[in-house]
There are 2 protein chains.
Amino acid sequence: MTEETPAVADCSRAEARRTQILDAAENCVREYGFHRASISKISRASGMGAGHIYHYFANKEAIVAAIVARELERVLTLTAEVQAADNMLEALALRTGSGVLGNLDSQAAGLKLEIVAEASRNPAIAAIVHAADSRRSAGLEETLKVLRQAHGLANDAATITAIAEVIAAMFEGLMVRAIRNPAVDRVLIARKFQQLIRAIVLG
Amino acid sequence: MTEETPAVADCSRAEARRTQILDAAENCVREYGFHRASISKISRASGMGAGHIYHYFANKEAIVAAIVARELERVLTLTAEVQAADNMLEALALRTGSGVLGNLDSQAAGLKLEIVAEASRNPAIAAIVHAADSRRSAGLEETLKVLRQAHGLANDAATITAIAEVIAAMFEGLMVRAIRNPAVDRVLIARKFQQLIRAIVLG
């Protein structure tokens, strides 16, 4: 039986508090929109005092930055898993199925689109979103480069960028579909995406 | 030389006023977001009194409904043009190029994504968005059905729906790309989409 040192216990408690704030903030931004998701609403939703929230985050932009960073971390982990697979194309197709289902989740989609919409008019949020997109994109492009080289296909910068942008558009468009057409057949779309992804990657 | 009757002149004046309000409202929603785009801001931006605006539109939801209807009208006109073409596949590929460039316009994208984000939490806006999407979708599915039949390909409901949803996701995802990656090479993406659209339609 191990005992945590006080410093480690403090760290994991701080991590738990941050997570508690981010979860509450996600719900508030989704439910009220960026501007009406005030620190006082986030405080009520998280069950933590506003002063306590400011101890962890300087302002709402910092909270959004952490929400975006958390999602980026998740995507980069998936990217690393694909890159580490023996058969990268199979791993990518597999990840495509769960990726489609995830992006068609209308709750998650609503939150992400609210942040994108805010980025279209708020330079601080735009900078956060651009930086995260650029890192996500670099990971996908690296995967595509290795994959196409292994298949003896052209992997110059323009080819790779075009394929990466099409894949990004397809997946990110699912978030819009989730809201514009909530009746969408998620399994049907996942199957179609899996079928197309190979053709697009190797096209 | 024809002279308009007073009734016709009234109609076209009313139409011009409505357009003036919608243009101003689009700018306000894009710049401030749905909630902060108040009728008083729209009034200032359009140079028309608030009372005058209420003469044409009952509330902000009615203005958003008209913005969505105007965009739907544009898309349905393009759909009709593709359906009337001698070579529908060529017409679709041609429309794909301009469609990509249009959807990558970050100003237009910001406005549409703001409305989608609002639809994710506002049932009145959701109903407007769902109805428009359903009509747009029916037009595309009709085009795909005829096109695939002409090529002797399966055109059962599930096949057509899957293809239509993938195409919708690809195009709507471009709006997200326009904001997440403003440096995106629009011409490169338009070319890639044109290359893929035939394969997806006939796949």
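Structure first, text after, so check above.
Read on for a plain summary of the structure. Since this is a predicted model, take the numbers as computed values, not measurements.

To continue, consider helix α2 (residues 39-46) of chain A. Residues and elements named next belong to chain A. Regarding α2, the residues found buried are I39, I42, S43 and S46. Viewed along the axis of α2, the buried residues span an arc of 105 degrees, placing them on a single side of the element. In the stretch just after α2, G47 is the one whose phi turns positive, near 70 degrees.

Time to look at the environment of I128 of chain B. Residue and element names in this part refer to chain B. With respect to the element layout, I128 can be found in helix α7 (residues 123-150). Accessibility expressed as a relative area gives 19% for I128, which makes it buried. Remark: the alpha-carbon pair of I128 and A69, spanning 59 residues in sequence, is separated by 8.7 Å. Sequence-distant contacts of I128, that is, excluding residues within four places in its chain, are made with E61, A65 and V68.

Moving on to the relation of the copies chain A and chain B. Expressed as a screw operation, the relation of chain A to chain B combines 0.0 Å of axial shift with a rotation of 180 degrees, fitting to an RMSD of 0.0 Å. Look at the turn and shift together and you get a two-fold axis relating the two. The position closest to the rotation axis in chain A is occupied by the C-alpha of G173 of chain A, lying 1.7 Å away. By residue overlap, the copies meet face to face through one surface: 100% of the interface positions of chain A are interface positions in chain B.

The subject of this paragraph is the pattern of salt bridges. According to the stated counting rule, one finds 27 salt bridges over all chains in the structure shown. Taking the shortest distance from any N to any O, the salt bridge between E172 of chain A and R177 of chain B comes out at 3.0 Å. With E172 of chain A in helix α8 (residues 157-180) and R177 of chain B in helix α8 (residues 157-180), this residue pair bridges two chains. As far as burial versus exposure is concerned, E172 of chain A and R177 of chain B are alike and both buried. One network of salt bridges, in which partners are shared, links D133, R136, E165 and E172 of chain A together with R177 and R180 of chain B.

Here we come to the interface of chain A and chain B. At the interface, 46 residues of chain A touch 46 residues of chain B. Of the roughly 3900 Å² buried where chain A meets chain B, counting both sides, 65% is carbon and sulfur surface. For chain A, the biggest contributors to the area lost against chain B are R121, R177 and R180 of chain A; these three give 18% of the whole. Viewed at the interface, chain B and chain A are joined by 10 salt bridges.

Counting residues in each nonpolar core, the largest one holds 126 residues, and the members touching the most others are I63, I167 and F193 of chain A together with I63, I167 and F193 of chain B. Not counting chain neighbours up to four residues away, the residues in contact with I167 of chain A comprise L140, L144, I197, I200 and V201 of chain A.

Residues and elements named next belong to chain A. Summarising the element assignment, S46 is placed in helix α2. The class for S46 is buried, based on a relative accessible area of 8%. Within the structure, the side chain of S46 is placed 3.2 Å from the backbone oxygen of S43, a separation counted as a polar contact. In contact with S46, other than residues within four places in its own chain, are Q20, I21, A24 and I53.

Residues and elements named next belong to chain A. Its place among the elements puts A45 in helix α2. The spatial distance from the C-alpha of A45 to the C-alpha of I21 is 8.4 Å, given a sequence separation of 24 residues. Dropping the residues within four chain positions of it, A45 is found in contact with A24 and C28.

The subject of this paragraph is the packing of helix α4 (residues 60-84) of chain A against helix α6 (residues 106-119) of chain A. Residue and element names in this part refer to chain A. At a closest axis distance of 12 Å, the pairing of α4 and α6 adopts a crossing angle of 125 degrees. In terms of orientation, α4 and α6 fall into the oblique class. The handedness of the crossing between α4 and α6 is left-handed. From α4, V64, I67, V68 and E71 reach across to α6, where they touch L111, K112 and I115. Considering only residue class, the contact of α4 with α6 consists of five nonpolar, no polar and two charged.

Under the definition given, this model contains one cavity of 30 Å³ or more. Of the volumes computed, that of the largest cavity is approximately 90 Å³. Lining the largest cavity are 16 residues, and of these H35 and E114 of chain A together with F34, H35 and E114 of chain B lie nearest its centre. Elements with a contribution of two residues or more to the lining of the largest cavity: α6 of chain A together with α6 (106-119) of chain B. Residues belonging to the lining of the largest cavity are distributed by class as follows: four nonpolar, four polar and eight charged.

So, how was this worked out
Residues numbered from 1 in each chain as written. Chains lettered and ligands numbered in written order. Predicted model: local features only at pLDDT ≥ 70, side-chain atom pairs only at ≥ 80, totals over all residues. Heavy atoms only, no water. Buried < 20%, exposed > 50% of the residue type's maximum accessible area, 1.4 Å probe, protein only. Helix = DSSP H or I, 4+ residues; strand = E, 2+ residues; numbered from the N terminus. Arc of directions from axis to C-beta. Contact = heavy atoms within 4.5 Å. Least-squares fit on C-alpha atoms with pLDDT ≥ 70 in both. Salt bridge = Lys/Arg side-chain N within 4 Å of Asp/Glu carboxyl O. Buried area = accessible area lost by both parts, 1.4 Å probe. Core = buried A, V, L, I, M, F, W, Y, C linked by side-chain atoms within 4.5 Å. Polar contact = N/O pair within 3.5 Å; in protein donor to acceptor, adjacent residues only side chain to side chain. Axes fitted to C-alpha atoms, helices over the stretch in contact; angles between N-to-C directions. Parallel < 35°, antiparallel > 145°, perpendicular 65-115°, else oblique. Left-handed = near helix turned anticlockwise from the far one by under 90°. Nonpolar A, V, L, I, M, F, W, Y, C, P; charged D, E, K, R; others polar. 1 Å grid on protein atoms, 1.4 Å probe; cavity = no way out; pocket = protein on both sides within 12 Å on 5 of 7 lines; lining within 4 Å. Points joined across faces, edges and corners; volume = space filled by probe spheres on them.

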